[in-house]
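What the coordinates show
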Amino acid sequence: MSGRLMFLSACIHGSLWIRNHLQYGLPILGPQKETSGVATLSVLGIIVLTSLRPVRRLFYQAFFAVHILTFVAFFVTLRYHTLYSQPWIFPALAFFAADALLRFLRYRIKDARLSAPDQLMTFVHIQDCDDGWLAGQHVQLRIFFSSRIFESHPFTILSPPPGRSCFNRSGMILAARVNGDWTRELNTYTRNEQDLSISASEKRTSDQRVDVPVHVMIDGPYGGSSVDLGQYETVLLVAGGSGATFTLGLLDDIVYRCVKAGRPGGERTTRIEFAWCIKSFGHIEWFAQILADIATLAAGSSLEIHFSIFVTCLCDPEAVPFIPNCDVKLERPSVYMLLRETTGPSPPPPDAEEEKSFLIRSRGGGGVAVCASGPESLTIETRNAVARLGVRNALKLGGVVVHVESFAL
């Protein structure tokens, strides 16, 4: 937003100067001040246009390269345009250099192993990294493979640290869904290396794929959830596609605190609804084992967990693994209906007028926490669903809080 406001201010400044020069017959191009001014405005326009969302999504590599080059060109042309820019340029460059230095001090190079269960998902298991983050946080990941060593991308950590997780596995686990040229090349590289390792040993079968060793550089962690799920009796976790990496981390954390750790912080959570929307039945296998293990751990405890998996495309319908307390449906979910079903078992009145005055019957009024992650359309729908409850219903439930993570460029 600040960059676009600066561009708008530059356009106003430039248009007034051009009008002034046209009115008095002065040359717009030729003198150094005018020429460098037009160049500065042009460079700033290129920065703004190439940073628009369609360009970032479709041509990310071009956007990244152009952004770096024009960032430098903007300061150079601005310096030639006016001497009065000096007090503004060098402090900005100093802040940028300080930020880069602090980030550099946070970089860590680790050994990692890659595994690709299919053509759409790649798991990154970073070894010797067992603490220092919270559930729902993400890191900037750079993987030294092929020719893509200069790129880094954000990935949500799949689970809390091993000491605060339902599972005893060590290290940090990230999941990279194929959604661009970098993730696609990473998946292809991993599967090719796995196939080579299988060919090298006749004793291995296709179901005994070995992990691919690589070196990675991580920066972070950053972000995280603004909501402490343990303060609310009812929790609704909604994810779309690879957004499940965020909600799975939160689910793992709250189940550990309520079941394995014995509610050390006085956690109030008694019911969790985990909803996941995906395109194919085969995608369930990505996190099926994690969901099944969590459901098994919570069975017989004071914590009620239910999984709802929504599939939007009839693809590979036979690939549905068994997960306790899980319903798999071939439909697109309504977040508002999920929220209403989670917070109150009573069906809404059929009459439209009665619907306006319908009050959701709460499960004890201990509050409701809603967390959603995935495409921007899903996060917007989640916010609207919470707002649609209204203040009256929210107070009756003991309060409703919402936190969303948008997985988009």
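Residues numbered from 1 in each chain as written. Predicted model: local features only at pLDDT ≥ 70, side-chain atom pairs only at ≥ 80, totals over all residues. Heavy atoms only, no water.

1. As for helix α2 (residues 32-50)
To keep things clear, this is the line we draw: By definition, any uninterrupted DSSP run of H or I lasting at least four residues is a helix, any uninterrupted run of E lasting at least two residues is a strand, and each is numbered from the N terminus. The length a helix should cover is 1.5 Å for every residue beyond the first. Any two residues whose heavy atoms approach within 4.5 Å are treated as being in contact.
In this model, α2 (19 residues) spans 27 Å end to end at C-alpha, consistent with the 27 Å of a helix rising 1.5 Å per residue. Residues of α2 that are buried in the fold lie against α1 (2-23), α3 (53-58) and α4 (60-81).

2. Notes on the sheet that holds strand β3 (residues 138-143)
Going by this rule: Only when DSSP finds a minimum of two bridges between them are two strands counted as paired. A fitted line through C-alpha atoms represents every axis, and for helices the fit uses only the stretch in contact; the resulting angles, taken between N-to-C directions, go from 0 to 180 degrees.
The antiparallel open sheet is built from 6 strands, whose spatial order is β4-β3-β6-β1-β2-β5. At either end of the open sheet lies a strand with only one pairing partner, and these are β4 (153-156) and β5 (172-177). Going across the sheet, the axis of each strand differs from the next one's by a mean of 40°, ignoring polarity. Contacts from helix α5 (residues 86-106) reach β1 (108-115) and β6 (212-222), with the element oriented near 130° to β6.

3. Describing the state of the cysteines
What counts is decided by this rule: A pair of sulfur atoms, both from cysteines and within 2.5 Å, is called a disulfide here. Relative accessibility decides the category of a residue: with a 1.4 Å probe and only protein chains considered, values under 20% of the type maximum give buried, values over 50% give exposed, and everything between is partly exposed.
Under the criterion given, the structure shown has 0 disulfides. Looking at the unpaired Cys-371, the closest cysteine sulfur is the one in Cys-258, lying at 14 Å. For Cys-371, a relative accessible area of 0% gives the class buried.

4. Side note on the packing of helix α9 (residues 335-343) against helix α11 (residues 376-396)
Put simply, the rule is: For this classification, under 35 degrees means roughly parallel, over 145 means roughly antiparallel, 65 to 115 means roughly perpendicular, and everything else is oblique. Crossing handedness is defined as follows: a turn of the near helix away from the far one that is anticlockwise and smaller than a right angle gives a left-handed crossing, while the clockwise case is right-handed.
The contact between α9 and α11 brings their axes to 8 Å, and the two run at 50°. What the angle tells us is that α9 and α11 run oblique. Crossing of α9 against α11: the hand is right-handed. Residues Val-335, Tyr-336 and Leu-339 of α9 touch α11, and the partners they reach there are Leu-378, Glu-381, Thr-382, Ala-385, Val-386, Arg-388 and Leu-389.

5. Focus on the nonpolar core
To keep things clear, this is the line we draw: In this description, a nonpolar core means a group of buried Ala, Val, Leu, Ile, Met, Phe, Trp, Tyr and Cys residues linked to one another through side-chain atoms lying within 4.5 Å.
Judged by nonpolar contacts, the single largest core of 46 residues is most densely connected at Leu-251 and Phe-287. Every element with two or more residues in this core is listed here: β2 (121-126), β5, β7 (234-240), α7 (244-260), β8 (271-278), α8 (288-298), β9 (304-311) and β11 (368-374). For this core, the element with the most residues is α7, which contributes 9 residues. Not counting residues up to four positions away in its chain, the partners in contact with Phe-287 are Met-121, Phe-123, Leu-158, Ala-175, Ala-244, Thr-245, Leu-248 and Trp-276. Listed in part, the 21 residues of the second largest apolar core include Leu-114, Val-139, Leu-141 and Leu-186.

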